[in-house]
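Each chain, letter by letter, is given below.
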Amino acid sequence: MPQGSRRQPGGLHHRDAAAGAAERKPVGRPGPGAGAGAAQPGGGGCGLPGQNVTMDEGGTPLLPDSLIYHIFLSLGPADVLAAGLVCRQWQAVSRDEFLWREQFYRYYQVARDVPRHPAATSWYEEFRRLYDTVPCVEVQTLKEHTDQVLHLSFSHSGYQFASCSKDCTVKIWSNDLTISLLHSADMRPYNWSYTQFSQFNQDDSLLLASGVFLGPHNSSSGEIAVISLDNFALLSRVRNKPYDVFGCWLTETSLISGNLHRIGDITSCSVLWLNNAFQVRAGVPPAAAPSLAWCPPAVSHPQDVESENVNVVKRLFKIQNLNASTIRTVMVADCSRFDSPDLLLDAGAAPGRVFDLGSDSEGEAVGPGSGPAPARTKEGLRRFLDGLLDGRAQPQLSEHALETKVAELLAQGRTKPPEHSMADAHKLLIFTTGCLTYSPHQIGIKQILPHQMTTAGPVLGEGRGSDAFFDALDHVIDVHGHIIGMGLSPDNSGSVVADPMQPPPIAEEIDLLVFDLKTMREVKRALRAHRAYTPNDECFFIFLDVSRDFVASGAEDRHGYIWDRHYNICLAKLRHQDVVNSVVFSPQEQELLLTASDDATIKAWRSPRTVRIHQAARPRPHPFLSWFAGQKR
């Protein structure tokens, strides 16, 4: 894809949206009066008064259509549209389907074997869609934050959005034609260092806000706060470790948090908890919880009660971590509403290899005479240790490699297999993880069954046998790259940004991968278009978003990027003064995009089409009353 400032055929610039507007003039839309009715009196010409430059005296065209077509092929899109205003004949040729197919492939540099979007009605309209409906015009810059803005999230209705920042506030905004601030919650009184993530529940009545909590002796972990959107009161707080688990909603009133238990130097166990959103007092029924406002210090789980306020919690899963890896970036995909949802991965390496950890195809085969799992584990561990003591282990293992090997052997007989087929799953728990390094390079997927979606039932894993200490993952997608971002689309397809895990240590190229969440296979790879500079051993995360037609991502090169999902091409670069951390489309209007940056600003971007509509509209008392106001006039 050409760079944003590269000159394009026909006097057009590839869109590099900056300084408040895209660096191009609107194209793909004829000017006023275009069409058959634009022909001038006297036969349709537009030369000197009384002179027809395209017709002879008998009204016959001076040039045949085929010759005009070949001339138009050498013009750019803007010149073709301008030439179409000359006369009826040129107007008809300027709308030729074959002409605009050539213009489309040449201008957007799409591979010729890529077909037109199935929903497109014509090549001309498809060219116009990509040029006129991409949110690349800056319409507003919000400067209420005083430090780096890390995350943005829209409500499902699109009427509000929330922002999180290093200034330790969660701000809630009203999304109207002019965006305005509704509320700012300062989390510093609760020993937060900064806020990093937010998510609206399904009915937009509650907001989940995640941040970094400073504990005793300056130790840091995460904490999740639930804020009521009716009166902006804080309803509950839940500890979350590590902090980059972030947390997410499972149902309208229950959320998922994490905890981490160290087993060895590089071995640990991640526990995922289901929490009631309303913190209650001991002995008070949950129905009374919504009346509670700003609660005293949070509690992690029942065994860690710090006050008379407790959360109703239930352990979901307990998963082993190897080689200093942990579970991070937890999210839930609802697969019940869609036939074939996708997962998009933005990576810089070979296509991901897929492992099914719920079958016997990976690792050692299990025969009918192999004996109970704990017995096999003990026997395998005994043979390994005997070989190690006798010097038969080749090659010699380091201390950390030895710890990992022993942990793997111990877990083989103490891991609970998946309960059902993935075909039965209605909701999937998706998170980043790994098995080789601290840097996340795998996507873990675990189905959530109906009986697990309520806080009722055994708490703390009661009923779990001693031989089923860990839960097995249903699927693992290895992208062979350092994952630095992940997000789900409206149809529950997702995006993951990753940079290469191999040297050089600073990755500069970022790719977009797409995975089908039902087959767990890669289905497409988007164009490599944006760049990153963070070393692999540093913690860095970019929040993506996916709309019906577009994918957007931030980058460390001070730009946001927009791609088309069908053609896999970069359509726009959105300029900031520092790293772009988060991008989000309006769920109700994909022609509105918000970007957040380390430059402490939030920018709102609209498409050229909607900008023209808003500029042409007369001032009205309220956008929803526009029709009524028009009738009164």
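Everything numeric in this text was worked out from a predicted model, so none of it was measured. (Residues numbered from 1 in each chain as written. Predicted model: local features only at pLDDT ≥ 70, side-chain atom pairs only at ≥ 80, totals over all residues. Heavy atoms only, no water.)

**Student:** Even after reading the chapter, I still don't get unusual backbone geometry, so can you show me in this structure?
**Tutor:** Excluding glycine, residues mostly carry a negative phi; peptide bonds, for their part, are mostly trans. The amide bond that connects Lys-241 to the next residue, Pro-242, takes the cis arrangement and shows omega of -5 degrees. Within the secondary structure, Pro-242 sits in the loop between strand E12 (234-240) and strand E13 (248-249). A positive phi angle, near 50 degrees, is found at Gln-109, a position not held by glycine. Looking at where Gln-109 falls in the secondary structure, it is placed in the loop between helix H4 (97-108) and helix H5 (123-132). (Helix = DSSP H or I, 4+ residues; strand = E, 2+ residues; numbered from the N terminus.)

**Student:** What exactly am I supposed to notice about the sheet that holds E13 here?
**Tutor:** Within a sheet, each strand pairs with its neighbour through backbone hydrogen bonds, oriented either parallel or antiparallel. Here we have 4 strands laid out as an open sheet, ordered E13-E14-E15-E18, and antiparallel in their pairing. A single partner strand is all that each edge strand has here, and the edge strands are E13 and strand E18 (313-321). The pairing of E13 with strand E14 (residues 254-262) spans 2 bridges and is classified as antiparallel. The partner of Trp-249 across the bridge, within E14, is Leu-255. (Pairing = 2+ DSSP bridges.)

**Student:** I keep staring at the pattern of salt bridges and nothing clicks. Help me out?
**Tutor:** Pairing is possible between side chains that carry opposite charge, provided their charged atoms lie close to one another. Across all of its chains, the model carries 15 salt bridges by this definition. With its nearest N and O atoms 4.0 Å apart, the salt bridge here joins Glu-102 to Arg-101. By relative accessible area, which is 30% here, Arg-101 ends up partly exposed. Ionic pairing is found between Arg-237 and Glu-223, a salt bridge with its closest N-O pair at 2.8 Å. Of this pair, Arg-237 sits in strand E12 while Glu-223 is found in strand E11 (residues 220-228), placing the two residues 14 residues apart along the sequence. (Salt bridge = Lys/Arg side-chain N within 4 Å of Asp/Glu carboxyl O. Buried < 20%, exposed > 50% of the residue type's maximum accessible area, 1.4 Å probe, protein only.)

**Student:** Help me understand the environment of Leu-99, please; the structure alone is not making it clear to me.
**Tutor:** Within the secondary structure, Leu-99 is located in helix H4. Beyond its immediate stretch of four places on either side in the chain, Leu-99 contacts Tyr-69, Phe-72, Leu-73, Val-80, Val-93 and Ser-94. (Contact = heavy atoms within 4.5 Å.)

**Student:** For this particular structure, what's the right way to read the packing of aromatic side chains?
**Tutor:** Here the distance between the centres and the angle between the planes together describe a pair of aromatic rings. Going through the model one piece at a time under the given rule, you end up with 20 aromatic pairs. When the ring of Tyr-107 is compared with that of Phe-127, the centres are 5.2 Å apart and the planes differ by 45 degrees; the resulting orientation is tilted. Of the two residues, Tyr-107 sits in helix H4 while Phe-127 sits in helix H5, which places them 20 residues apart along the sequence. Taken together through their ring pairs, the aromatic side chains of Trp-100, Phe-104, Tyr-105, Tyr-107, Tyr-108, Trp-123, Tyr-124, Phe-127, Tyr-131 and Tyr-567 make up a single cluster. (Phe/Tyr/Trp six-rings, centres within 6.5 Å; stacked < 30°, edge-to-face > 60°.)

**Student:** Explain the sheet that holds strand E10 (residues 206-214) to me, please; I cannot follow it from the model alone.
**Tutor:** Read from one edge of the open sheet, 4 strands run E9-E10-E11-E12, paired in antiparallel fashion. Both edges of this open sheet fall to strand E9 (192-200) and E12, since each of them pairs with a single strand only. Recorded for the sheet is a direction-independent mean angle of 25 degrees between the axes of neighbouring strands. Alignment of E9 against E10, held across 7 bridges, turns out to be antiparallel. From the neighbouring strand, Tyr-194 faces E10, where its bridge partner is Val-212. (Axes fitted to C-alpha atoms, helices over the stretch in contact; angles between N-to-C directions.)

**Student:** Which parts of the structure should I look at to understand the confidence of the model for the protein?
**Tutor:** Low-pLDDT stretches of the model should not have their predicted coordinates read in fine detail. For the protein, mean pLDDT is 74; residues scoring 70 or higher make up 58% of the total. A low-confidence stretch, residues 347-373 (pLDDT under 50), is modelled with 56 contacts involving residues beyond four sequence positions or located in other chains. (pLDDT = per-residue confidence, 0-100.)

**Student:** When you look at the nonpolar core in this model, what are you seeing that I'm missing?
**Tutor:** As a rule of thumb, nonpolar side chains are buried together in soluble globular proteins. Phe-104, Tyr-108 and Ile-562 are the most contacted members of the largest nonpolar core, which has 35 residues in total. Looking at this core, the elements with two or more residues in it are helix H1 (65-73), helix H2 (77-83), H4, H5, strand E32 (550-553), strand E34 (569-575) and strand E35 (580-586). When residues of this core are assigned to their parent elements, the largest contribution, 6 residues, is made by H4. The next biggest cluster of nonpolar side chains, apart from the first, holds 18 residues, and it includes Ala-185, Met-187, Ala-225 and Phe-232. (Core = buried A, V, L, I, M, F, W, Y, C linked by side-chain atoms within 4.5 Å.)

**Student:** Got a minute to help me understand the environment of Leu-574 in this structure?
**Tutor:** With respect to the helices, strands and loops of the structure, Leu-574 is situated in strand E34. Of the residues examined, Leu-574 reaches a relative accessible area of 0% and is grouped as buried. Separated by 16 residues in sequence, Leu-574 and Arg-558 place their C-alpha atoms 8.4 Å apart.

**Student:** Any chance you could explain H4 here in plain terms?
**Tutor:** Count 3.6 residues to each turn of an α-helix, and residues three or four apart come out pointing the same way. For H4, spanning 12 residues, the distance from its first C-alpha to its last is 16 Å, which sits close to the expected 16 Å at 1.5 Å a residue. In this structure Asp-96 caps H4, since a side-chain oxygen of it lies 2.9 Å from the backbone nitrogen of Phe-98. Gln-109 lies just past H4 and shows a positive phi near 50 degrees. (Expected span 1.5 Å × (residues − 1). Polar contact = N/O pair within 3.5 Å; in protein donor to acceptor, adjacent residues only side chain to side chain.)

**Student:** Quick question: what am I supposed to make of a nonpolar patch on the surface here?
**Tutor:** There is a patch of nonpolar side chains on the surface, built from Leu-62, Leu-63, Leu-67 and Ile-71 and spanning about 310 Å² of accessible area. Its location among the elements puts Leu-62 in the loop between strand E3 (16-17) and H1. The exposure class assigned to Leu-62 is partly exposed, which follows from its relative accessible area of 47%. (Patch = residues over 30% accessible without salt bridge, like charges linked within 9 Å, V, L, I, M, F, W, Y side chains within 5 Å. Areas by Shrake-Rupley, 256 points an atom, 1.4 Å probe, with all protein chains shown as cover.)

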